[in-house]
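The chain contents come next:
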Amino acid sequence: MSFATSSAGHAKAFITARVLTGARRFPVRVYVAAFFMAFFLIAAIEPKLLQTHDPLMLSLTSPLKAPSLTHWLGTDQSGRDLYSRIVAGTGHSLSIGLGATALSLALALILGVTAGLSGGWIDNVLSRLFDALFALPTLFLALLFVSLLGTSVPTLVIAVGLGTSPGYARMVRVQVLSVKATSYVEAARALGHSPRRILFKHILPNAISPLATMFTLGVGQAIIWASGLSFLGLGVAPPSSEWGALLNAGRNYVIYAWWLEVMPGIAIAALALSVTVVGQYVQQRLEGRIELP
Amino acid sequence: MNVTYPAASFRQNATPPAASVPLLGVQNLNVSFGPAHSRRDVVKSVSFTVEKGRCVAIVGESGSGKSVTARTLVGLTGARSHVQADRLTFQGKSIDHLGDTEWRALRGKGIGFVLQDALVSLDPLRPVGKEIGEALTVHRAIRTGAELTERVLELLKLVGVPEPAVKARQLPHELSGGQRQRALIATAIALDPALLIADEPTTALDVTIQAQILDLLSETRERGKAVILISHNLAVVSQMADEVIVMRHGEIVEHGSSEQIFGNPRHDYTRSLLKAIPSVQSRGSRLSSYKAPRFISAERDVTKALAQSDIAQRSRPLLEAEGLVKRFRGPDGKLRTVVNDVSFRLGHGETLGIVGESGSGKTTVARMALALERPDLGEVTLEGALWTAATEKERRQRRSDISVIYQDPLSSFDPRWSIERVIDDALARRRGDPLDRASRRSEVSELLDLVGLSSSFRNRRPLELSGGQRQRVAIARAIAPRPKIIVCDEPVAALDVSIQAQILDLLGDLKSHLRVSYLFISHDLGVVHHLSDRVLVMNHGVAVEAGAADDVFLRPRQPYTRKLVAAVPQLRFQAA
């Protein structure tokens, strides 16, 4: 009996050692990030699987309870389970983050590539437009769209997407310009390849690949912007538990119940970080670049 | 003197240098990098001494450990290094295990260090005069403004920078390459250090400027200072050094006086290095022991076919440039004539060398020959047909007739592409029936084989290859479309002598086997002379002199050519 236990213990220790030493296939941070991403994905698609309570169920007997075994992350002023509310709000936050970033980058790509490739007056006009928009604070642009379109999830997506795109567009343009000037593009020209082939085989892939990292960083940023708008009361309205709305609701009680602010904040940070870490890792693998220590 | 003593106690007992103690003593120096379990030895048991007023040169290929050895002497090997020596003394004091503060006190004051690339070594946002001034103030040699300014100007004058008062106020990028390098030397000699270490001080410079820098280093030595010169240019070394240390793979393979090393080299490696230098004497002979590539039968057929069509076409030139003029608008908005009325002809199977210093317009000529740049006046014709005057669309089909090899192969490859894809991409431009997937694959292997690389390289990325391997891949790409002309723009400028020798041999082999013509551009007269049939000398955009290679280099008629040829350092002490 004792023999069996110890061998099981050894096996466990061996596996842990393999995970922690050089024998592993992925770095530890990727495992951690992937775990969080999987958690948030499940929470977004099927929140009921992960919830311990009904996120909308009020309980007048247990308001502002600190984190415990029954309420993992505590409860809010109405006795609702914070953990379940965060899980319920994941879908909103994640879809706003992905949607806004996708919209922002799509716009940035179209305009940035057009500006970078065409040059001349088209480039001048577009560049000045990017500069002008970039000079306005993102939050200001987003507020403008929210005030024009009203508050809802699609509005948040559009507001944050449009608000963040000028910065990306400028980056895309510079990328295209710098790739256009490389000697491998010239080498392709010298070989007699057509401009279309050069565009699709060299310029676009090389101009876009840094954007993959920007995308993953952007998702985190967009979530934070959206949360910011919700925090200002311009995002998704209560009783929805979008993370920014949670922060907004908890701010009045922060002196008595720190978890109302800290836990949604950690959720925002964890999602933004895990998307970034996994994104960067995937990009490194795809590019076959040697990883720097 | 094989005594090992603990460095710390030695420092305490440091005695004033006796006459017999050398200025610098290095005994059994070992340097390694990386963590304990995967330590890489970069310098292995190196010992030498440097006396006052002497110049010791360290030569070797990149990766031989010569730069690391030099950096050890100023404590700049970095945090990940592990330095160990039985004895490391400067002016009789141990400089082993010095702390940061102690190193700072020694650097500049006791030992001056000149780095290779002046542009990156000088602060881009600081006037040159301030930079030199800092060298003086850091060690509290001079504090007051007027005295400092005076000393800075004195130093700039000493290193031969024209108009010191103006240049002192300019930023590094406003100075020419030679002036920058001289300003950097000025910072190194500002405090008159007893030992000056110069790491490849002339590598990026033109021959005439190189000659000036070497004169400057000679003067320093004549003033009783010691110089450690690190270079891969053996001719430079033979001009300067009293003693030569030949390093390879971190070890000293040969150490002796210049006369002995150059006149009577004992080690095979030293001999191969000497043989690798392209020059007048080396014409027509091989520079490396690298074997001629195995040629496949298909390529031979092409050779024959080309040879036959040759005879019919030999009468007219392959590429003809007539009165090329190119102007560019400078940053000040003024038009600058970069190429002014340059004409040349390139025949079948011929090599035309274009030689000139940086800024002479030779690369612009190459780009016009490739029709990547449109001349403002004049035109280039390819096989008697319009070339630069044609539209890009018309040219595209014929671009496979003329390909290019760049100085920096790495930047000419898409960083995301494997070697196979790079070559395959060029194969797609070969004229005739498109090749199917399988035959393209085998063709890639054959091309790699032809340039002396194994098929295992096909899946690697450019970043993973060495400089020489990358240039081989660039050559494979250039010959893949079966061009009639290859434009080589400084193809060996970034390579070590021995690798350069292999690449030049490969280009020579390909020329005779494939019957291609080369338009060969280089600032290195020896390289051009080695490979070219005819030569065009350019200066400030003008073709100064043209003719057969031997005529131009051995019997130059124009003063500029004479000056250029005279500035090339010659190997001294060489056995006949």
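Residues numbered from 1 in each chain as written. Chains lettered and ligands numbered in written order. Predicted model: local features only at pLDDT ≥ 70, side-chain atom pairs only at ≥ 80, totals over all residues. Heavy atoms only, no water.

## Overview of the interface of chain A and chain B
Where interface size is given, it is often the accessible area lost as the parts come together that is meant.
Then, number 1: Taken together, the contacts link 19 residues of chain A with 24 residues of chain B.
Then, number 2: For the pairing of chain A and chain B, the buried interface totals around 2100 Å² over both sides, and the portion due to carbon and sulfur atoms is 52%.
Then, number 3: Here chain A and chain B share two salt bridges between them.
Then, number 4: We note a salt bridge from Arg-197 of chain A to Asp-425 of chain B, for which the minimum N-O separation is 2.5 Å.
Then, number 5: Run the count over chain A and chain B and you get 13 residue pairs in polar contact (both at pLDDT 80 or more).
Then, number 6: Counting only elements with at least two residues in the side of chain A that touches chain B, the list comes to helix H7 (183–190), helix H8 (195–231) and helix H10 (259–287) of chain A.
Then, number 7: Grouping the constituent residues of the side of chain A that touches chain B by class yields seven nonpolar, seven polar and five charged. (Contact = heavy atoms within 4.5 Å. Buried area = accessible area lost by both parts, 1.4 Å probe. Salt bridge = Lys/Arg side-chain N within 4 Å of Asp/Glu carboxyl O. Polar contact = N/O pair within 3.5 Å; in protein donor to acceptor, adjacent residues only side chain to side chain. Helix = DSSP H or I, 4+ residues; strand = E, 2+ residues; numbered from the N terminus. Nonpolar A, V, L, I, M, F, W, Y, C, P; charged D, E, K, R; others polar.)

## Overview of the packing of helix H6 (residues 153–180) of chain A against H8 of chain A
Residue and element names in this part refer to chain A.
Then, number 1: Interaxial distance between H6 and H8 falls to 9 Å at its minimum, and their mutual angle equals 155°. Comparing the axis directions of H6 and H8 gives the class roughly antiparallel. By crossing handedness, the relation of H6 to H8 is classed as right-handed.
Then, number 2: In terms of residue class, the contact of H6 with H8 is made up of 16 nonpolar, six polar and one charged. (Axes fitted to C-alpha atoms, helices over the stretch in contact; angles between N-to-C directions. Parallel < 35°, antiparallel > 145°, perpendicular 65-115°, else oblique. Left-handed = near helix turned anticlockwise from the far one by under 90°.)

## Details of unusual backbone geometry
Then, number 1: Here Leu-64 of chain A, not a glycine, exhibits a phi torsion of approximately 50°, which is positive.
Then, number 2: Non-glycine residue Ser-45 of chain B carries a positive phi angle of around 30°.
Then, number 3: If you trace the backbone, Ser-45 of chain B turns up in strand E2 (residues 40–50).

## Focus: the sheet that holds strand E9 (residues 226–231) of chain B
Residues and elements named next belong to chain B.
Then, number 1: Taken in spatial order, the six strands make up an open sheet running E7-E8-E9-E3-E10-E11, and their pairing is mixed. Bordering the open sheet on either side are strand E7 (111–114) and strand E11 (251–257), each of which pairs with just one other strand. Neighbouring strand axes in the sheet, compared pairwise and without regard to direction, differ in orientation by 15° on average.
Then, number 2: The strands touched by helix H8 (residues 177–189) within the sheet are E7 and strand E8 (195–199), with E7 carrying the most contacts at an inclination of about 165°. (Pairing = 2+ DSSP bridges.)

## Focus: the pattern of salt bridges
Then, number 1: For the structure shown, the criterion picks out 35 salt bridges over all chains.
Then, number 2: With its nearest N and O atoms 3.7 Å apart, the salt bridge here joins Arg-85 of chain A to Asp-76 of chain A. The same class applies to Arg-85 of chain A and to Asp-76 of chain A, which are both buried.
Then, number 3: Across the pair Glu-350 of chain B and Arg-534 of chain B runs a salt bridge, and its minimum N-O distance is 2.6 Å. Of this pair, Glu-350 of chain B sits in the loop between strand E13 (335–346) and strand E14 (351–356) while Arg-534 of chain B sits in strand E20 (residues 534–539), placing them 184 residues apart in sequence.
Then, number 4: Here the residues in one salt-bridge network are Asp-123, Arg-126, Glu-131 and Glu-134 of chain B, joined through shared partners. (Buried < 20%, exposed > 50% of the residue type's maximum accessible area, 1.4 Å probe, protein only.)

## Some details on the confidence of the model for chain A
All names here are of chain A.
Then, number 1: Per-chain confidence: chain A averages 82 in pLDDT, with 88% of residues scoring 70 or above.
Then, number 2: The least confident element of chain A, judged by mean pLDDT, is helix H1 (residues 2–20) at 43; the most confident is H7 at 93.
Then, number 3: Ignoring residues within four places in sequence, the model shows residues 1–23, a span with pLDDT below 50, making four contacts including any to other chains.
Then, number 4: Per-residue pLDDT stays below 50 along residues 289–293; that stretch engages in three contacts with residues further than four places along the chain or on separate chains. (pLDDT = per-residue confidence, 0-100.)

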